[in-house]
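One letter stands for each residue in the lines below.
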Amino acid sequence: MRSYLIDEISFLERDNLDSFLKRNLIAGALKGVFFLSIPPELHGPSQKGHDDCAPFYSAFILGKDTLRCELLIRSSHNLHCSCIAAATDEQRRFIFDFADRMLQEEMIRA
């Protein structure tokens, strides 16, 4: 799976990222996992017509000194469907823009 990895995050930067993610994303059932909802206007060809599988999201996984942003668009509740697919160019841009804004707002230098 393709992902965007931010590494060498300091202890203080990790706390800032954790706080930002908790304020701005949906927290997953596992600690450190968050979900960025993909707006309907950005649904790709794989997601179109799969309203029963929506909402769709990209996962952000905060580790001890890393943050991984997955470039796989997942269904919120269906694990085995053709609508789960690699992010389109527009979806990638949306994910990267969110990550860039987060790093800028939290003054992350990693």
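Description of the structure in this document. Model, not experiment: these values are computed from the prediction. (Residues numbered from 1 in each chain as written. Predicted model: local features only at pLDDT ≥ 70, side-chain atom pairs only at ≥ 80, totals over all residues. Heavy atoms only, no water.)

### Points about helix H1 (residues 11-24)
Part 1: For H1, built from 14 residues, the straight-helix expectation of 20 Å at 1.5 Å per residue is met to within 8% by its first-to-last C-alpha distance of 20 Å.
Part 2: Listed in full, the buried residues belonging to H1 are Glu 13, Arg 14, Leu 17, Asp 18, Phe 20 and Leu 21. The buried residues of H1 all sit within an arc of 165 degrees when viewed along its axis, so they share a single face. Facing away from the buried side of H1 by more than 90 degrees, the exposed set consists of Phe 11, Leu 12, Lys 22 and Arg 23. (Helix = DSSP H or I, 4+ residues; strand = E, 2+ residues; numbered from the N terminus. Expected span 1.5 Å × (residues − 1). Buried < 20%, exposed > 50% of the residue type's maximum accessible area, 1.4 Å probe, protein only. Arc of directions from axis to C-beta.)

### Some points on the packing of aromatic side chains
Part 1: On inspection of all chains with the given rule, the structure shows four aromatic pairs.
Part 2: With a centroid separation of 5.8 Å and an interplanar angle of 50 degrees, the aromatic rings of Phe 20 and Phe 98 are classed as tilted. Of this pair, Phe 20 sits in helix H1 while Phe 98 sits in helix H2 (residues 89-105), placing them 78 residues apart in sequence.
Part 3: For Phe 20, a relative accessible area of 1% corresponds to the buried category.
Part 4: An aromatic cluster of at least three residues, connected via ring pairs, comprises Phe 20, Phe 60 and Phe 98. (Phe/Tyr/Trp six-rings, centres within 6.5 Å; stacked < 30°, edge-to-face > 60°.)

### Details of the pattern of salt bridges
Part 1: Overall, the coordinates contain five salt bridges when judged by the stated rule.
Part 2: Residue Lys 22 is joined to Asp 18 by a salt bridge in which the shortest nitrogen-to-oxygen separation is 3.0 Å. Of this pair, Lys 22 and Asp 18 both sit in helix H1, four residues apart, which is roughly one turn of the helix.
Part 3: Take Lys 22: its relative accessible area is 54%, and that puts it in the exposed class.
Part 4: Its salt-bridge partner being Glu 70, residue Arg 74 comes within 2.9 Å of it at the nearest N-O pair. (Salt bridge = Lys/Arg side-chain N within 4 Å of Asp/Glu carboxyl O.)

### Digging into the pairing of strand E5 (residues 67-70)
Part 1: Where strand E1 (residues 3-6) and E5 come together, four bridges link them in antiparallel fashion. Residue pairing for E5: Ser 3 is matched across the bridge by Glu 70.
Part 2: From the end of strand E4 (residues 56-62) to the start of E5, which pair antiparallel, there are four residues. (Pairing = 2+ DSSP bridges.)

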